[in-house]
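Chains, contacts and geometry: an overview
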Amino acid sequence: MALIVQKYGGTSVGSVERIKNVARRIAKWQNAGHQVVVVVSAMSGETNRLIGLAKEIQKKS
């Protein structure tokens with residue numbers, strides 16, 4: 001048994017179908033008896049949206 005660390009973000013979690021793909025990958029390793037740690041970062045486009053919001057706040061201050 002191994003400790004598997006996986007990181008997903010961006011387009012790999014950008015839609016329901018892609019999230020299901022990620023879940024299948026995670027389940028595959030876990031079902032094989034491994035311990036799995038998963039790190040999920042922002043979905044596709046989300047980082048840019050957050051930066052845009054921060055810039056809007058700066059303009060209003």
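Calculation rules
- Residues numbered from 1 in each chain as written.
- Predicted model: local features only at pLDDT ≥ 70, side-chain atom pairs only at ≥ 80, totals over all residues.
- Heavy atoms only, no water.
- Salt bridge = Lys/Arg side-chain N within 4 Å of Asp/Glu carboxyl O.
- Helix = DSSP H or I, 4+ residues; strand = E, 2+ residues; numbered from the N terminus.
- Buried < 20%, exposed > 50% of the residue type's maximum accessible area, 1.4 Å probe, protein only.

Scanning the model with the defined rule gives three salt bridges in all. The shortest N-O distance in the salt bridge between Glu46 and Arg49 comes to 2.6 Å. Taken together, the positions of Glu46 and Arg49, both in helix H2 (residues 46-60) and three residues apart, correspond to about one turn of that helix. We classify Glu46 as partly exposed; its relative accessible area is 27%. Judged by relative accessible area, which is 44%, Arg49 ranks as partly exposed. Put simply, Lys59 and Glu56 hold a salt bridge, and the shortest N to O gap is 3.5 Å. One end of the pair, Lys59, and the other, Glu56, are both in helix H2, three residues apart, so they sit about a helical turn from each other. Lys59 gets classed as exposed once you look at its relative accessible area, which sits at 64%. Under the relative-accessibility criterion, Glu56 is labelled partly exposed at 37%.

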